[in-house]
Amino acid sequence: MTIHNYNVIKNRDLLILKAYPNVIVTPHAAFYTDQVSYDMVHCSLESLKELINNQECRYQLN
């Protein structure tokens, strides 16, 4: 037996948007692709390398 968790959507704007046939609603995890995973690791390692070498970190957020 499959148990589904059906939650009532309380956000009126989201309900209106979902009513359109050309709209697909996905969870936030929709961004998670192979390219994004690679970019996250690459940028992190580049930042670490720049930090270790006392260089300006191009990905630093202030």
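Coordinates for the structure precede this section.
It should be emphasised that the depicted structure is a prediction, and the values quoted were computed from it without experimental measurement.

1. Quick word on the overall build of the protein
When helices and strands are counted, the protein shows two helices and zero strands. When the 62 residues of the protein are sorted by exposure, 6% land in the buried category.

2. Looking at helix α2 (residues 34-52)
An ideal rise of 1.5 Å per residue puts 27 Å on 19 residues; α2 measures up with 27 Å between its terminal C-alpha atoms. For α2, the complete set of buried residues consists of E46, S47 and E50. Mapping the buried residues of α2 onto a view down its axis gives an arc of 100°, with all of them on the same face. Among the exposed residues of α2, those oriented more than 90 degrees off its buried face are D34, Y38, L45 and I52. Among the residues trailing α2, N54 stands out with phi positive, at a value near 55°.

3. Some thoughts on the pattern of salt bridges
Tallied over the entire structure, the rule returns three salt bridges. Across the salt bridge formed by K49 and E46, the nearest N and O atoms sit 3.9 Å from each other. Of this pair, K49 and E46 both sit in helix α2, three residues apart, which is roughly one turn of that helix. By relative accessible area, which is 44% here, K49 ends up partly exposed. Note that E50 and R58 form a salt bridge whose closest N and O atoms lie 2.9 Å from each other. One network of salt bridges, with partners in common, ties together E46, K49, E50 and R58.

4. Focus on the side chain of E46
Overall, E46 belongs to the buried group, its relative accessible area being 17%. There is a polar contact of 3.1 Å between the side chain of E46 and the side chain of R58. Setting aside its immediate chain neighbours within four residues, E46 contacts R58 and Y59.

5. Section: the side chain of E50
The residue E50 is located in helix α2 in this model. For E50, a relative accessible area of 5% corresponds to the buried category. Among all residues touching E50, those that are not within four sequence positions of it are Q55, E56, C57 and R58.

Analysis parameters
- Residues numbered from 1 in each chain as written.
- Predicted model: local features only at pLDDT ≥ 70, side-chain atom pairs only at ≥ 80, totals over all residues.
- Heavy atoms only, no water.
- Helix = DSSP H or I, 4+ residues; strand = E, 2+ residues; numbered from the N terminus.
- Buried < 20%, exposed > 50% of the residue type's maximum accessible area, 1.4 Å probe, protein only.
- Expected span 1.5 Å × (residues − 1).
- Arc of directions from axis to C-beta.
- Salt bridge = Lys/Arg side-chain N within 4 Å of Asp/Glu carboxyl O.
- Polar contact = N/O pair within 3.5 Å; in protein donor to acceptor, adjacent residues only side chain to side chain.
- Contact = heavy atoms within 4.5 Å.

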